[in-house]
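Read off the chains here:
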Amino acid sequence: AFTLGQLGPLARPLSADVMKLCTSPEEAVRGAAFGALRQIGVADVTGFAELLTHPNRDVARLAAELVPLLPAIPDAAIPKFVAAVGSNDPPVVVAAAFALGSAGPRAGAAAGPLAEAIGRIRGYQGEYDPKRPHHPGPEMTLWQALGRIGEPAVASLTGLLDHPN
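Values in this document were obtained by computation on a predicted structure and should not be read as measured data. (Residues numbered from 1 in each chain as written. Predicted model: local features only at pLDDT ≥ 70, side-chain atom pairs only at ≥ 80, totals over all residues. Heavy atoms only, no water.)

Requested: an account of the overall build of the protein, with residues and values cited.
Helices and strands together make up the secondary structure of the protein, namely 10 helices and zero strands. Along the protein, helices (α) and strands (β) appear in the sequence α-α-α-α-α-α-α-α-α-α when read from the amino end. By principal-axis analysis of the C-alpha atoms, the protein measures approximately 55 × 30 × 25 Å. (Helix = DSSP H or I, 4+ residues; strand = E, 2+ residues; numbered from the N terminus.)

Have a look at this one:
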């Protein structure tokens, strides 16, 4: 994997094979594989999206780091990114939201799960307290994704108007 990474984009046709190494039980192999993908790029975005829901938390987190480098998000990958929004791991949720925002209105089915994820964020739980400072964090990616989805997200956003915070 390391050697392929050194070839950069010339090795992109082999990215599916490198992705298989991303789930290796050996940490060093996984690290080299993700490092190689960072250099060669991801040719199969739909297959890559499955890494975000991998049972090994390290695999999911390493995959999340590469999401901003992905090319266009194909329609077939959208349900896989929606599934990742349901994760309990914030970096994975944020990465999935980033990808869904990149898909724009085509990711309309993600609006509900994104709104639910916003509701799970600790800072938005409970009643609004004007005395408590609010410092926007990574959850802003979820709001931005809903904004980029546009009109298909309106119904889910209006549902948030009933949120106590």
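Next comes the rest of the account.
A description of the nonpolar core should follow, citing residues and the corresponding values.
Counting residues in hydrophobic clusters, the biggest one holds 50 residues, and the most contacted among them are Leu37, Phe48, Ile73, Phe81 and Leu114. Contributions of two or more residues to this core are made by helix H2 (15-21), helix H3 (27-40), helix H4 (45-49), helix H5 (57-66), helix H6 (78-85), helix H7 (90-103), helix H8 (111-120) and helix H9 (140-149). The leading source of residues in this core is H7, at eight residues. Non-local contacts of Phe81, meaning those with residues more than four positions away in its chain, are made with Val45, Ala49, Leu52, Val67, Leu70, Ile73, Ala96, Ala99 and Leu100. (Core = buried A, V, L, I, M, F, W, Y, C linked by side-chain atoms within 4.5 Å. Buried < 20%, exposed > 50% of the residue type's maximum accessible area, 1.4 Å probe, protein only. Contact = heavy atoms within 4.5 Å.)

With reference to specific residues and values, describe the side chain of Arg30.
By the element assignment, Arg30 lies in helix H3. Here Arg30 is in contact with Leu21, Cys22, Thr23, Ser24, Pro25, Asn56, Asp58 and Val59, once residues within four sequence places are set aside.

Any details on the environment of Gly112? Residues and values, ideally.
Residue placement: Gly112 occurs in helix H8. Using a relative accessible area of 23% as the deciding quantity, one classes Gly112 as partly exposed. It is 9.4 Å that separates the C-alpha atoms of Gly112 and Leu146, two residues lying 34 residues apart in sequence.

Explain the packing of H7 against H9 to me, and be specific about the residues and the numbers.
The geometry of a pair of packed helices is captured by two quantities: the angle between their axes and the separation between those axes. In contact at an axis separation of 8 Å, H7 and H9 are set at 20° when each is read in the N-to-C sense. The pairing of H7 with H9 is recorded here as roughly parallel in orientation. As H7 packs across H9, the resulting crossing turns out to be left-handed. Note on element contacts: H9 touches H7 through Thr141, Leu142, Ala145, Arg148 and Ile149, opposite Val93, Val94, Ala97, Phe98, Leu100, Gly101 and Ser102. Taken together, the residues of the contact of H7 with H9 break down into eight nonpolar, three polar and one charged. (Axes fitted to C-alpha atoms, helices over the stretch in contact; angles between N-to-C directions. Parallel < 35°, antiparallel > 145°, perpendicular 65-115°, else oblique. Left-handed = near helix turned anticlockwise from the far one by under 90°. Nonpolar A, V, L, I, M, F, W, Y, C, P; charged D, E, K, R; others polar.)

Explain the packing of H3 against H5 residue by residue, including any values.
Contact pair H3 / H5: the axes reach a minimum separation of 10 Å and the direction vectors enclose 15°. With respect to H5, the axis of H3 lies roughly parallel. Classified by chirality, the crossing of H5 by H3 is right-handed. Where H3 approaches H5, its residues Arg30, Phe34, Leu37 and Arg38 are matched on the opposing element by Asp58, Val59, Leu62, Ala63, Glu65 and Leu66. When the residues that make up the contact of H3 with H5 are grouped by side-chain class, the tally is six nonpolar, no polar and four charged.

Quick rundown of H5? Include the residues and the values.
Listed in full, the buried residues belonging to H5 are Val59, Ala60, Ala63, Ala64 and Leu66. One side of H5 carries all its buried residues, which in axial view fall inside an arc of 155°. The distance from a side-chain oxygen at the start of H5 to the backbone nitrogen of Asp58 is 2.8 Å, and the residue carrying that oxygen is Asn56. (Arc of directions from axis to C-beta. Polar contact = N/O pair within 3.5 Å; in protein donor to acceptor, adjacent residues only side chain to side chain.)

How would you explain H3 if you had to name every residue and give the values?
Taking 1.5 Å of rise per residue, 14 residues should cover 20 Å, and H3 covers 20 Å from first to last C-alpha, within 8% of that figure. Arg30, Ala33, Phe34, Ala36, Leu37 and Ile40 are the residues of H3 that are buried. For H3, the angular spread of the buried residues around the axis is 160°, confining them to a single face. Exposed side of H3, more than 90 degrees from the buried face: Glu27 and Ala28 are the residues found there. (Expected span 1.5 Å × (residues − 1).)

Such coordinate-based values are descriptive only and should not be taken to indicate function.
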